[in-house]
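Chain residues, written in single-letter form:
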Amino acid sequence: MGEVMQLKTGSEGIGVAGRRFTKVNEIIERHGRTPSALIPILQEVQEEYRYLPEEILTYIAVAMGLNPANVYGVATFYSQFSLAPKGKYVIRICDGTACHVRGSEKIKTALWEKLGLSDERKTTDDLRFTVETVSCLGACGLAPVVMINDRVYGQVTPEGINEIIDQIIAEEEGEKNAPEEN
Amino acid sequence: MLRKKTDLDRMRDELRDLYKKETARILVCAGTGCVANGSLQVFKALQDELEKHGVFITLELLAGEKKPGVTAVKSGCHGFCEMGPLVRLEPSGVLYIKVKPEDAPEIVEALVSGGPPVERLLYHHPVTGEVFAEEEAIPFYKNQQRNALANCGSIDPEEIREYIARDGYQALAKVLTELKPEDVCREITASGLRGRGGGGFPTGLKWDLTRKAKSDKKYVICNGDEGDPGAFMDRSVMEGDPHKILEGMAIAGYAVGADEGYIYVRAEYPLAVERLKKAVQAAEDYGLLGKNILGSGFDFQIKIKEGAGAFVCGEETALIASIEGKRGMPRPKPPFPSDSGLWGKPTLINNVETFANIPRIITNGAAWFRKAGTEKSPGTKTFALTGQVVNTGLIEVPMGVTVREVVYGIGGGIRGGKKFKAVQIGGPSGGCLTEEHLDLPLDFDSLLSAGAMVGSGGLVVMDEDTCMVEVARFFMGFTQNESCGKCVPCREGTKRMLEILQRAVDGEGRVEDLEVLEELALAVKDGSLCGLGKTAPNPVLTMLQYFRDEYLAHIAEKRCPAGVCQALAAYAVIAEKCKGCGRCKKVCPVEAISGEVRKPFTIDPEKCIKCGACVDVCAFKAIARGGK
Amino acid sequence: MNAAERNNFVLIDQQRIEVNGEKSILELARKAGIDIPTFCYHSELSLYGACRMCVVEIEGRGVVTSCSTPPVPGMKILTNSPRVQRVRRTVLELLLANHDRDCTTCDKNGRCKLQELADRFGVRKIRFGERDEKLPLDESAPVVRDPNKCILCGDCVRMCEEVQGIGVLDFVNRGSRVMVAPAFNKKLQDVECVNCGQCSAVCPTGALVVKSEIDKAWAALHDEEKLVVAQVAPAVRVALGEEFGLPPGEIVTGKVVAALKRLGFDKVFDTCMAADLTVMEETAEFLNRIKKGENLPQFTSCCPAWVKYAEHNAADLLKNLSTCRSPQQIFGSVVKRHWAKKLGKKPEEVFVISIMPCSAKKFEAARPEFSVNGVRDVDLVLTTQELARMIRESGLLFDQLEVEAFDMPFGLTTGAGVIFGATGGVAEAVLRTAHSLLTCKPADEYANDGLFNFETVRGFEGLKEAVLEVDGLEVKVAVVHGLGNAKRLLAEVKEGKANYHLIEVMACPGGCVGGAGQPVATGGEAKKKRAQGLYSADKLSQLRKAHDNPAVARLYEQWLKKPNSSEAHKTLHTSYQMRGRITGEEITLLTSKQENKINLAVCVGTCCYLKGSYDTLKKLMEKAESEGVGDRINLHATFCLENCEKGGPSVRVDDTVVSGVTPDKVESFFTENILGKLKIPAESQ
Ligand SMILES: Cc1cc2nc3c(=O)[nH]c(=O)nc-3n(C[C@H](O)[C@H](O)[C@H](O)COP(=O)(O)O)c2cc1C
Ligand code: SF4
Ligand code: SF4
Ligand code: SF4
Ligand code: SF4
Ligand code: SF4
Ligand code: SF4
Ligand code: SF4
Ligand code: SF4
Ligand code: FES
Ligand code: FES
Ligand code: FES
Ligand code: FES
């Protein structure tokens, strides 16, 4: 389906939806339509969209012959799944025991303050950052631990995390001025 | 493709000969912790440096050229992650800690020239200053006995040939060629191995039950969900020695009559998933998994399933539901999985570490396994030692060693010379042990009798600055958040227990809460459906048992003795310690601090908003928040 | 006593009880006369084990749930130990803390299990906080959902999924945030709920109840201008008594009539008369289809929950549904269109209230096709329970009422109409008429008591069958009840594995005797008794075949002429509508900003998906690109264009829907429907 990507659609970002939808189908076909494939399918689809839009969940239900209520039930059970869009950078602060006793709370407060977020507001308006807490990332030896997208940061301090964020913002700004990749 | 046992033997011998041509080997830890600290860059730098010296060689080159050289490989976690990135040299056993890419030239130079190791990169004892060159000599490692973790940190987990060279898959070959399924079960039973997933259920018995279940189809599941916060041993094994798990599972498959296995790995472990997938692929390529393994007629395939973020999916029936694509809610037992598990078929579920123990038991025999550990809890057990100890990390010790040996021997005592207060063992479902338990042996039964449990093996050490009420609240917050919400006692009960503990921490506790909390804890323990709810009250119950005064101080006197609970804090300058520097005054946002330079300052409790800023800036620790 | 015998006993509260194949301690304890409290245990649903009310203590094993633990000989069980009491009371206290406790104004007041058990276990104080937030009610459908009263026992979830095969409800979220809700928290009217109400029938609390419309009934009864007419469904007469302490299955027809009269109804008629009319129409339709060999199997259509189910899930089989209206609607039609006219009244001057066993009938009566010029054929539907409440409200002592007879002309009925209330009844009634109309010879095989009983379609088996010979043809009949059974049968029919001529479907297990508006019954026993009641009423009837009903004969004489006449078609038949199985936002794939553009939507609903609509979509996208018109197309993927029966995949081009656009037809479809419209000849690129 490479061709569809080059759709001359007149306005930007349009071809993307089509491409993603194609991807959803690919994912479903690859995993097959047995109920046990539901979770891996949702995982991959979320990777594609960064969240699980209602229409896509409905579509998956149709394709797999499940009732949408079951799909919705599964999607709301596991904390990995998000039904609201997440930011480009998902910051996961470990609040597992090891990290908690070494001050993960302070890191969270510092981040919330920096990004204007809270327990209720997890994603910044510009969809750049999402801050979540998780219990244990399995790198307890480095407590307190923060994971930003796929990268793990150990022995983080409130000041340290602010620096990392500043760095990301700086990189982002730089990128904006650079020519778009795709 | 290995078609029979002799193929495997021959391959092992050939590989051993090859490895003999290594003049030295550099192992760079590529566990999650070290990667986070930049070990991949270190690896690259070391590789470049070796090439510069013209000594770099790979397994492929060794096979072709006959020219000796130094290999460099990425290993799994050594358990001493805090000191990472770690670099180990073989055969010397030298361990470098906190290595940076810039250190590569020095390291390689020393290695190639045969000179002494780079001293500044060696482990220095934080108190005595003694320098340790060899990994095994470091106090952190000295008292350990590595069995399940044996290969972690000393082989390349992505290279099946290293595993084979170290007698990998020999146990499977032995089982397939020499033993009947019931013999295997008997051997495991004789070893006394108990499940390392927390419950300590006798593994041999479980295998035998599954073996005896009649069905056309059976499954083996490896539980790699490891949701306990503060625990990461299963992760290290999956990342550092994946083939051992595959071998253990295949042996189990043969013993119970299953031809299909699943490894359920939690979503937070992407590296483990990647390594396991590679390992399965390699094992299939070598004919060690798949159809007609080693010509025995035994088929066994393994699939990897990723969790999606739910602690309760570590519970076996919830895990099964999750593999089936459903909400991970436990169901009542009986029927047990050994009768009706995945898709209603008999299913054997064991923990990662349990499987990792299998190959050696088969190879060395049950009696060998029993040499370590106690009568009722034989063998070794891994623990994740974290919290306020000097050395944190992953350890493996014989069962039955005392808490003291772990905390003070391996862990090197409490950080910053503080006083030991408690150790939380078994994660959120375990309990706290105190000073009086320091000589308690760490084994399944002793811990249960003290109100704690081995659980998955998380050991969180707490010092005098820890508030036990806050800790109980923290664990309750965790279980409440992770409850699946199916049964009433756990869903509603943990919520209310949390409510009560939160009140205590917020300074709004009521005296009558004590009775309600206790009653609730007992009802939730008795009434819940699965282990999560049944054990959720443990931290509260041990807190009430061992630190009742501390709780009473919170609710009756509105005081947090450890000075942790913000709402209860009462900030005051300790006149004797105050040097009158005035820094605290500058940071106070509400001008609650006053005083003259070089004289003790004072805090006006009426104005103070308990922000804690002054404590952080006082270089003389002259401000206390413990209150009255 | 020998050792073997001794080994077969357990001790329950020191009492020796023999184990005799009981699956659970709960069952066994009930046998021993101990009623262990439960919320989530239902013999007809799968085991769930969540409420923990049923705990008992077993020596050496601690506290376990009795619903999920099989008794093992030798066990020593305590059903009321201090530990057991602590768990039960704590569970109740915890549930109540999180509960919107407005019992006095709650629909379930007095019949609520939570209330009953809280009382039984003496919970007098709640020491925890209140419910955090009050969630909105869903009153969109005849089943009203109040999440603030849900105790999450999951009974409704399993009922809808396991028994009804639908799965409208499921758990949402986790931990203390768990709720039971339809997908995406939608309203029941916006999902595939068929309004059968079976979920509410098992709900132990007021979280799911059938909507009450008593106020509207009183208003009509108190309205001097209106002639208020009642029709009473067959299943009501064998169940209403239970509300007043009479045993299930007792026939209280005469008292029902009397009560309705006392409540102020001007006329009280019997729905069974309309059922006889249904039989006439449906049999004629059936024999006609058999003759022509088309649209077989014929499905019955008198259960509105089943009809809606078919509209959602069996679009391609809708033509197989009998076009006959249900007895309730036929009755409405007859009264408003014929009887009223004879009285010189306009339809709006007559107010028809039906007394029905269920919620689906409320939905049916409100369907737009059953209104003429805004006047409904059936103005209001009350359930058996609602009627009982009105009787109580008015202070009537039900058991002391003098029996009265139905009013004429629509009080004359046959046994055929009466058995409509039980599963198999409709089929049996049709068989009786079909058989005697066609063969006109005593059917010895069936008439073993000379009474045309088709025993094989009776009873509570999930699928029942009968075969009879009609004009030398073997006619095969199937009867299913519970939509889960219907779902399985439908699948077989679609796959061509099941060959029947006539299929009766009733949504409720047991048929209307088990309707959700009936008195709350514990277990399946009451339903069976009610069905027995109907069959004995049938047996006592002088007339047992629909075509023998003189009232029916008169209607044909005076008005309808003959079955399936054009007048009959107009007033007694109906048509069905496709209902998108799923409502969901469309998925936008391409948006065009150009003026001159085409709106294109490809259906990815179930039917079309299975017929390859996804490949159609993919090809369309490719085609749009290769023709260079991608920027002039608004492309969507949509859920069901309600065109399923025409054979998918369906594609909507601006305002028209084209069906059958299989992937191989995309080429020609594109040229004709898109390039043509965009006025670009295919060659001109
Ligand atoms: C809430 C809960 C979480 C659990 N989490 C894990 C886990 O993460 N890993 C694990 O191996 N076992 C876990 N268990 C235990 C498993 O249910 C099961 O007993 C175990 O996997 C059996 O393996 P073993 O016999 O080898 O110990 C958990 C149990 C409960 C109740
Ligand atoms: S104890 Fe908790 S986690 Fe386990 S089933 Fe009950 S609610 Fe779910
Ligand atoms: S705690 Fe904060 S408000 Fe109180 S004295 Fe210190 S700095 Fe000031
Ligand atoms: S910062 Fe510490 S030492 Fe300095 S004035 Fe304040 S309390 Fe005294
Ligand atoms: S559901 Fe039951 S307990 Fe709740 S308010 Fe209604 S009657 Fe009362
Ligand atoms: S039962 Fe109690 S609360 Fe309810 S109406 Fe009567 S007095 Fe009021
Ligand atoms: S009324 Fe019937 S279809 Fe609707 S939710 Fe309840 S059980 Fe399901
Ligand atoms: S709505 Fe009723 S039946 Fe359904 S879970 Fe809630 S209380 Fe149980
Ligand atoms: S079977 Fe009867 S009671 Fe049940 S939904 Fe259908 S018509 Fe209503
Ligand atoms: S507790 Fe934070 S990584 Fe384990
Ligand atoms: S990750 Fe390197 S020592 Fe643990
Ligand atoms: S009835 Fe047994 S747990 Fe609900
Ligand atoms: S699914 Fe109904 S028209 Fe496509």
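Everything numeric in this text was worked out from a predicted model, so none of it was measured.

## Brief notes about the interface of chain B and chain A
Part 1 of the reasoning: With 48 residues of chain B at the contact, the number on the chain A side is 32 residues.
Part 2 of the reasoning: When the area that chain B buries against chain A is broken down by residue, the three leading residues are A308, R327 and F474 of chain B, summing to 18%.
Part 3 of the reasoning: Summed over the shared surface of chain B and chain A, the number is 1 salt bridge.
Part 4 of the reasoning: In this structure, the salt-bridge partner of E82 of chain B is R102 of chain A, at a minimum N-O distance of 3.2 Å.
Part 5 of the reasoning: Run the count over chain B and chain A and you get 17 residue pairs in polar contact (both at pLDDT 80 or more).
Part 6 of the reasoning: At the level of elements, α2 (32–36), β9 (301–306), α14 (316–323), β11 (380–387) and α19 (468–482) of chain B are the ones that each hand at least two residues to the side of chain B that touches chain A.
Part 7 of the reasoning: Considering every element that reaches the side of chain B that touches chain A, the biggest residue donor is α19 of chain B, with 6 residues.
Part 8 of the reasoning: Per-class residue counts for the side of chain B that touches chain A are 20 nonpolar, 14 polar and 14 charged.

## Some thoughts on the site of ligand 7
Part 1 of the reasoning: In the neighbourhood of ligand 7, the contacting residues comprise V143, C160, I166, V168, L169, C193, V194, N195, C196, G197 and C199 of chain C.
Part 2 of the reasoning: Each residue belonging to the shell around ligand 7 can be placed in one class, and the counts come to 9 nonpolar, 2 polar and no charged.

## Structural notes on the packing of aromatic side chains
Part 1 of the reasoning: This structure, assessed with the given rule, holds 29 aromatic pairs over all chains.
Part 2 of the reasoning: An angle of 65 degrees between the planes, with centres 6.4 Å apart, marks the rings of F21 of chain A and Y614 of chain C as edge-to-face. Placement of the pair is F21 of chain A in helix α1 (residues 14–31) and Y614 of chain C in helix α21 (residues 613–626), with the two residues belonging to separate chains. Of the two residues, F21 of chain A and Y614 of chain C, both sit in the buried class.
Part 3 of the reasoning: Residue placement shows R16 of chain C over the ring face of F9 of chain C; its charged tip is 4.1 Å from the ring centre.

## Overview of the nonpolar core
Part 1 of the reasoning: The biggest cluster of nonpolar side chains holds 323 residues, and the ones touching the most others in it are F21 and Y59 of chain A, Y551 of chain B together with F39, L260 and W306 of chain C.
Part 2 of the reasoning: When residues in this core are grouped by element, the largest group, 9 residues, is from helix α9 (residues 271–292) of chain C.
Part 3 of the reasoning: Excluding its chain neighbours within four sequence positions, the residues that come into contact with F39 of chain C are C51, M53, L92, L95, K113, L114, L117, I151, C153, D155 and P204 of chain C.

## Points about the environment of V617 of chain B
Residues and elements named next belong to chain B.
Part 1 of the reasoning: Counting through the fold element by element, V617 comes out in helix α26 (residues 613–617).
Part 2 of the reasoning: Distance from V617 to K585, taken between C-alpha atoms, is 9.8 Å for residues 32 residues apart in sequence.
Part 3 of the reasoning: Setting aside its immediate chain neighbours within four residues, V617 contacts R583, C584 and V587.

## Description of the domain arrangement of chain C
Part 1 of the reasoning: Assigned domains within chain C: domain 1 (3–80), domain 2 (126–210), domain 3 (215–572) and domain 4 (587–675).
Part 2 of the reasoning: Taking only C-alpha atoms, the centre of domain 1 of chain C and the centre of domain 4 of chain C are 60 Å apart.

## Thoughts on the site of ligand 1
All names here are of chain B.
Part 1 of the reasoning: Around ligand 1, the structure places 18 residues, and the nearest of them are G197, K206, N350, N351 and T354.
Part 2 of the reasoning: R196 is positioned such that a nitrogen or oxygen atom in its backbone is 3.3 Å from an oxygen atom of ligand 1.
Part 3 of the reasoning: One of the backbone nitrogen or oxygen atoms of G314 is found 3.3 Å away from a nitrogen atom of ligand 1.
Part 4 of the reasoning: Protein coverage of the free-state accessible area of ligand 1, which is 610 Å², stands at 87%.
Part 5 of the reasoning: Among the secondary structure elements, those contributing two or more residues to the shell around ligand 1 are β10 (347–351) and α22 (531–535).

What counts and how
Residues numbered from 1 in each chain as written. Chains lettered and ligands numbered in written order. Predicted model: local features only at pLDDT ≥ 70, side-chain atom pairs only at ≥ 80, totals over all residues. Heavy atoms only, no water. Contact = heavy atoms within 4.5 Å. Buried area = accessible area lost by both parts, 1.4 Å probe. Salt bridge = Lys/Arg side-chain N within 4 Å of Asp/Glu carboxyl O. Polar contact = N/O pair within 3.5 Å; in protein donor to acceptor, adjacent residues only side chain to side chain. Helix = DSSP H or I, 4+ residues; strand = E, 2+ residues; numbered from the N terminus. Nonpolar A, V, L, I, M, F, W, Y, C, P; charged D, E, K, R; others polar. Near = heavy atom within 4 Å. Phe/Tyr/Trp six-rings, centres within 6.5 Å; stacked < 30°, edge-to-face > 60°. Buried < 20%, exposed > 50% of the residue type's maximum accessible area, 1.4 Å probe, protein only. Lys NZ or Arg CZ within 6 Å of the ring centre and 35° of its normal. Core = buried A, V, L, I, M, F, W, Y, C linked by side-chain atoms within 4.5 Å. Domains from an automatic or database assignment. Areas by Shrake-Rupley, 256 points an atom, 1.4 Å probe, with all protein chains shown as cover.

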